[in-house]
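Below are the chains, spelled out letter by letter.
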Amino acid sequence: MAQETIFSKIIRREIPADILYQDDLVTAFRDVNPQAPTHILIIPNRIIPTVNDVTEEDEPALGRLFTVAAKLAADEGIDENGYRLIVNCNRDGGQEVYHLHMHLLGGRRLGPMLVRRD
Ligand code: 5GP
């Protein structure tokens, strides 16, 4: 069994979160520390710790992440101007919560994709 994170509690609505969408496969809610005017996390309901743990079984849920991202981008009015979808993996990817999640970021020009720090 994969280790639960705070995101499991959000899925079960045991702690508060601004949930924008939920179905049998995925849940979407606003990031508590937004990096852009729109910053939404879209996550599979089943715990998949990282992209490294993805299996073929997860394909329906992972496909749904994109369907919901497109819907929420339209709902937020950022679909025409554009947005960025990010999935971080492990330390070098900057992953902090080990429950796979897609970031939907938009509402301003996001700038270059990567900032060099070395
Ligand atoms: P990561 O760095 O793992 O890709 O992103 C984790 C994201 O989860 C961060 O952007 C962080 O702000 C967000 N986050 C962490 N804890 C919570 C929480 O309890 N509620 C919400 N809504 N977002 C959280």
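Residues numbered from 1 in each chain as written. Predicted model: local features only at pLDDT ≥ 70, side-chain atom pairs only at ≥ 80, totals over all residues. Heavy atoms only, no water.

Evaluation of the coordinates by the stated rule reveals 1 aromatic pair. Seen from their ring centres, F7 and F29 are 5.3 Å apart, and the 75° between their planes marks the pair as edge-to-face. With F7 in helix α1 (residues 6-11) and F29 in strand β2 (residues 26-30), this pair connects stretches of sequence that are 22 residues apart. Accessibility assignment for this pair places F7 and F29 in one class, buried. (Phe/Tyr/Trp six-rings, centres within 6.5 Å; stacked < 30°, edge-to-face > 60°. Helix = DSSP H or I, 4+ residues; strand = E, 2+ residues; numbered from the N terminus. Buried < 20%, exposed > 50% of the residue type's maximum accessible area, 1.4 Å probe, protein only.)

Checked against the element boundaries, Q95 lands in the loop between α3 (90-93) and β5 (102-106). At a separation of 2.9 Å, a polar atom in the side chain of Q95 contacts the main-chain amide nitrogen of N90. Only 2.9 Å separates the side chain of Q95 from the backbone oxygen of V97, close enough to count as a polar contact. Setting aside residues no more than four positions away along its own chain, Q95 makes contact with P49, T50, N88, C89, N90 and H101. (Polar contact = N/O pair within 3.5 Å; in protein donor to acceptor, adjacent residues only side chain to side chain. Contact = heavy atoms within 4.5 Å.)

What follows concerns the environment of P16. Secondary-structure assignment places P16 in the loop between α1 and β1 (19-22). On the basis of relative accessibility, which here comes to 79%, the residue P16 falls in the exposed class. Taking the C-alpha atoms as reference points, P16 and E57, separated by 41 residues in sequence, lie 29 Å from one another.

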